[in-house]
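Coordinate inspection notes
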Amino acid sequence: MFFVALYYQKVAMRKIQMVDLQTQYEFIKPQVDAGMQEVLSSAQFINGPAVKTFQANLEKYLGVKHVIPCANGTDALQISMMGLGLTPGDEVITADFTFAATVEVIALLGLTPVMVDVLPDTFNIDPAAIEKAITPKTKAIVPVHLFGQAAAMDEIMEIAEKHNLFVIEDNAQGIGATFTSKNGTHTKTGGIGHVASTSFFPSKNLGCYGDGGAIFTNDDDLAHTLRGIVNHGMYKRYHHDVVGVNSRLDSLQAVVLNEKLRLLDFYNERRKWAAIRYTQLLEHHPKIQTPVTSGDCSSHVFHQYTLRILDADRDALVAYLQANQIPCGVYYPIPLHRQKAYVDSRYNEADFCVTNQLINEVISLPMHSELDEAQVLFICKTLLAFFD
Ligand SMILES: *Cc1c(COP(=O)(O)O)cnc(C)c1O
């Protein structure tokens, strides 16, 4: 069975990858190459026309007033917090189950990260846990739209309003997702909180061919502040009014992003198709819990397709899939509150029941816009055979 499967893969199927940026590039090569050539000829590498076009295109796509491009998603988070005027000692509440960038910048700015537990179905920050963690020092909440699914933004915005807190959406994994509020309004993630950040790291849903990021806000004053911070705190040439940083998106990356933004909804639909096929093929197995999504998945753009493996050895499954040439990932294997850099006596293990369980159960399958039926079938067939 194993060798038959390998032979099948060789003659009929592209190599299975976590993300397949080579195949994706083949389809947009003429446009990307021509745009890059134009940048090379014009030599406007920084703040060239492609960056301004991309900024305007993304504002229109997201329906936000201001997009401020910057160098990467981690900078975008840091600059957002600087722009809000958070100062050392302020507490910022975020999810325990996410990529470390989120807490890293909180700590770097001398703010106090406060990690809280997540929900077992969506893996997103638990609003009840946020409320419980609020103190007089709390200034902001950073919900992460983890794996591409919108966090519980209605509840989070209500808590923020009640306690007068800022909400910074970490939209690095959620770009293109639409959040439907209880009152029926549809908003793209990144346009709900006071400010939002995203990343254009190559493997993200909207990725460039290097590093890139952006900040979004509907607040004119904050946008002005942020535009100065990304540029050394300059609002007038060589007048430095605030402490800033140097964080820019370059023109070559903007060329790629302009081309891929046109296709973002298509890419996300392809991801949703793959997610629906995975779920159809896997959901009946008693040891597999497929992702929980609402309705038509409009709130989920499947940056990752992440299963929970119940009552079985997840690590053995990882090794088995890898031995069968199926890449997979464990996002994330260690909760942030237990990372050496962020341990704090304030934390009580009993408050992290969900995260502590998820780290042993989650496994993310290959997910990208180029997955095809043969690949998904092969992955599911192989995966199910593990339990035989
Ligand atoms: C990727 C990512 C970031 C950081 O983005 P970079 O561009 O790599 O700096 C931040 N938060 C989350 C949730 C991410 O997935």
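Residues numbered from 1 in each chain as written. Predicted model: local features only at pLDDT ≥ 70, side-chain atom pairs only at ≥ 80, totals over all residues. Heavy atoms only, no water.

Taking strand neighbours across the sheet as the criterion, the three strands line up as β12-β13-β14 in an open arrangement whose pairing is antiparallel. In this open sheet, the two edge strands, each paired with only one partner strand, are β12 (288-289) and β14 (362-365). Each of β13 (305-309) and β14 touches helix α12 (residues 353-361); the most contacted strand, β13, lies at about 100° to it. (Pairing = 2+ DSSP bridges. Helix = DSSP H or I, 4+ residues; strand = E, 2+ residues; numbered from the N terminus. Contact = heavy atoms within 4.5 Å. Axes fitted to C-alpha atoms, helices over the stretch in contact; angles between N-to-C directions.)

Below, the discussion takes up the domain arrangement of the protein. Partitioning the protein into structural domains gives domain 1 (28-257) and domain 2 (264-386). On the domain 2 side, the residues contacting the 40 residues of domain 1 number 33 residues. Listed by contribution, the elements that provide at least two residues to the side of domain 1 that touches domain 2 are β2 (91-95), α5 (101-108), β3 (112-116) and β6 (178-180). (Domains from an automatic or database assignment.)

This paragraph deals with the pairing of strand β5 (residues 166-170). Across the five residues of β5, four count as buried, placing the element largely inside the fold. When strand β4 (residues 138-142) meets β5, the two strands line up parallel, connected through two bridges. Paired with A140 across the strands is F166, a residue of β5. Across three bridges, β5 lies against strand β8 (residues 195-199) in parallel orientation. Considered in β8, the bridge of D170 is made with S197. (Buried < 20%, exposed > 50% of the residue type's maximum accessible area, 1.4 Å probe, protein only.)

This next bit is on the site of the ligand. Around the ligand sit N72, G73, T74, T98, F99, A101, V144, D170, A172, Q173, S199 and K204, and that is every residue in its neighbourhood. Here a nitrogen atom of the ligand sits 2.8 Å away from a polar atom, N or O, in the side chain of D170. The side chain of S199 places a nitrogen or oxygen atom 2.7 Å from an oxygen atom of the ligand. In the shell around the ligand, the residues fall into four nonpolar, six polar and two charged. (Near = heavy atom within 4 Å. Polar contact = N/O pair within 3.5 Å; in protein donor to acceptor, adjacent residues only side chain to side chain. Nonpolar A, V, L, I, M, F, W, Y, C, P; charged D, E, K, R; others polar.)

To continue, consider the confidence of the model for the protein. Residues of the protein with pLDDT of at least 70 account for 96%, and the chain-wide mean is 95. The low-confidence segment residues 1-5 (pLDDT under 50) makes four contacts with residues lying over four places distant or belonging to another chain. (pLDDT = per-residue confidence, 0-100.)

Right, let's talk about the sheet that holds strand β9 (residues 213-217) for a bit. The strands making up a sheet are joined through hydrogen bonds of the backbone, oriented either antiparallel or parallel. Strand order in the open sheet formed by seven strands is β1-β9-β8-β5-β4-β2-β3, with mixed pairing between adjacent strands. Strand pairing shows two members of the sheet lacking a second neighbour, β1 (66-70) and β3, which therefore form its edges. Here the strands of the sheet are splayed against their neighbours by 25° on average, with no regard to which way each runs. Of the strands in this sheet, β1 and β9 are in contact with helix α3 (residues 49-62), which crosses β1 at around 135°. Packed on one face of the sheet, helix α8 (residues 220-229) meets β1, β8 and β9 and runs near 15° to β1.

What follows concerns the packing of aromatic side chains. A full pass over the atoms with the stated rule returns 14 aromatic pairs. Here F54 and F200 contribute two aromatic rings whose centre-to-centre distance is 5.4 Å and whose plane-to-plane angle is 75°, an arrangement assigned as edge-to-face. Highlighted residues: F54 in helix α3 and F200 in the loop between β8 and β9, separated in sequence by 146 residues. The class for F54 is buried, based on a relative accessible area of 0%. A residue is classified by how much of its surface remains accessible, and F200, at 0% relative accessible area, is buried. Judged by centre distance (5.8 Å) and plane angle (80°), the rings of F123 and F147 are edge-to-face. Residue F123 is located in the loop between β3 and α6 (127-133), and its partner F147 is located in the loop between β4 and α7 (153-163); the two are separated by 24 residues in the primary sequence. An identical accessibility class is assigned to F123 and F147; each is buried. Aromatic rings pair up to connect F97, F123, F147, Y331 and Y332 into one cluster. (Phe/Tyr/Trp six-rings, centres within 6.5 Å; stacked < 30°, edge-to-face > 60°.)

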